[in-house]
Amino acid sequence: MSVEPLLHQLTLIALPGIPHIQPGDDLARLIVAKATSAGITFDARDILVITSKLVSKAEGRYVDLATVTPSARAGKIAEETGKDPRLVELILRESTGISRLRGAVLIVRHHLGFTLANAGIDHSNVGHGGEDLVLLLPEDPDAS
């Protein structure tokens, strides 16, 4: 019996013209508008991938580290890791526990149920709020 191989195809298409996302932006409306203007249509079998960073920005999940007061525990961990104690405090708040400290990285169990570095807190390319601005993961990614 001969078995014909199943042909699978994966095509990745980046939507052009996505602007810098601001708190309160309607991502669904923006995505549909940009797809429509680019002549992109969606099929029932398509999978649309949206980065958590875009969702977090639309949800306004920004935190200014200047507003964070680190706990004694955060201070101790910051000494061990060389991290900013205010950032460590946020990592602790977003986590249910620390799995491992490795250099300057905290591997934690996020309250959303998965394990990742530094609670997924993003400190890069966050916006124009200065170097103390960080971005937390979406509050409820499934709902978003």
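Note that the coordinates shown come from a computational prediction; the quantities given were computed from them, not determined experimentally.

*Asks:* What am I meant to see in the overall build of the protein here?
*Replies:* In terms of helices and strands, the protein carries 4 helices and 5 strands. The order of α-helices and β-strands along the protein, N terminus first, is α-α-β-α-α-β-β-β-β. Whereas a compact globule of 144 residues would reach a radius of gyration of roughly 15 Å, the protein reaches 20 Å, over 25% beyond that. In terms of its C-alpha atoms, the protein occupies a principal-axis envelope of roughly 60 × 45 × 25 Å. A burial count over the protein gives 30% of its 144 residues as buried. Contacts in the protein between residues at least 24 apart in sequence constitute 44% of all its contacts with a sequence separation of at least 6. Looking at the protein as shown, the accessible area adds up to about 9800 Å², and 54% of this sits on carbon and sulfur atoms. One finds the centroid of the 14 positive side-chain charges in the protein at a distance of 5 Å from the centroid of its 18 negative side-chain charges.

*Asks:* What exactly am I supposed to notice about the layout of surface pockets here?
*Replies:* The probe, sized like a water molecule, is rolled over the atoms to show the empty space still left. Estimated volume of the largest pocket: approximately 740 Å³. Class assignment for the residues of the lining of the largest pocket results in 14 nonpolar, 4 polar and 2 charged.

*Asks:* When you look at a nonpolar patch on the surface in this model, what are you seeing that I'm missing?
*Replies:* There is a patch of nonpolar side chains on the surface, built from Phe-42, Leu-48 and Ile-50 and spanning about 270 Å² of accessible area. Among the structural elements, Leu-48 can be located in the loop between α1 (27–37) and α2 (52–59). Given the relative accessible area of 47%, Leu-48 is considered partly exposed.

*Asks:* Would you mind going over unusual backbone geometry with me for this structure?
*Replies:* Backbone phi values are negative for most residues with the exception of glycine, while trans is the configuration of most peptide bonds. Phi is positive for Asn-118, which is not a glycine, with a value near 55 degrees. By secondary structure assignment, the location of Asn-118 is in the loop between β4 (115–117) and β5 (133–135). The buried category is assigned to Asn-118, whose relative accessible area is 17%. Here Ala-119, not a glycine, exhibits a phi torsion of approximately 60 degrees, which is positive. Along the chain, Ala-119 falls in the loop between β4 and β5. In this structure Ala-119 comes out as buried when scored by relative accessible area, which is 0%.

*Asks:* Even after reading the chapter, I still don't get the environment of Leu-54, so can you show me in this structure?
*Replies:* Within the secondary structure layout, Leu-54 lies in helix α2. Sequence separation between Leu-54 and Leu-137 is 83 residues; the distance between their C-alpha atoms is 9.8 Å. Once you skip the residues sitting within four places of it in the chain, Leu-54 turns out to touch Ile-21 and Leu-27.

*Asks:* Please clarify how the side chain of Lys-57 should be interpreted in this entry.
*Replies:* Assignment of secondary structure puts Lys-57 in helix α2. Buried and unpaired, Lys-57 has no salt bridge, with Asp-122 as the nearest side chain of opposite charge at 7.5 Å. In this view, Lys-57 contacts Ile-21, Gln-22, Pro-23, Tyr-62, Asn-125, Val-126 and Leu-135; residues no more than four positions away in its chain are not counted.

*Asks:* Honestly, the pattern of salt bridges in this entry has me stumped. Any pointers?
*Replies:* Pairing is possible between side chains that carry opposite charge, provided their charged atoms lie close to one another. Applying the stated criterion across every chain yields a total of 8 salt bridges. Residues Arg-86 and Asp-132 are paired through a salt bridge, measuring 3.2 Å at the closest nitrogen-oxygen approach. With a gap of 46 residues between them, Arg-86 in helix α4 (residues 85–93) and Asp-132 in the loop between β4 and β5 connect regions that are remote in the sequence. Taking the relative accessible area as the measure of exposure, Asp-132 reaches 24% and is therefore partly exposed. Because the salt bridges share partners, they merge into one network encompassing Arg-61, Glu-94 and Glu-139.

Thresholds applied
Residues numbered from 1 in each chain as written. Predicted model: local features only at pLDDT ≥ 70, side-chain atom pairs only at ≥ 80, totals over all residues. Heavy atoms only, no water. Helix = DSSP H or I, 4+ residues; strand = E, 2+ residues; numbered from the N terminus. Rg over C-alpha atoms; globule rule 2.2 N^0.38 Å. Buried < 20%, exposed > 50% of the residue type's maximum accessible area, 1.4 Å probe, protein only. Contact = heavy atoms within 4.5 Å. Areas by Shrake-Rupley, 256 points an atom, 1.4 Å probe, with all protein chains shown as cover. Lys, Arg positive; Asp, Glu negative; His and termini not counted. Charge placed at Lys NZ, Arg CZ, Asp CG, Glu CD. 1 Å grid on protein atoms, 1.4 Å probe; cavity = no way out; pocket = protein on both sides within 12 Å on 5 of 7 lines; lining within 4 Å. Points joined across faces, edges and corners; volume = space filled by probe spheres on them. Nonpolar A, V, L, I, M, F, W, Y, C, P; charged D, E, K, R; others polar. Patch = residues over 30% accessible without salt bridge, like charges linked within 9 Å, V, L, I, M, F, W, Y side chains within 5 Å. Salt bridge = Lys/Arg side-chain N within 4 Å of Asp/Glu carboxyl O.

These values are about where atoms sit, not about what they do.
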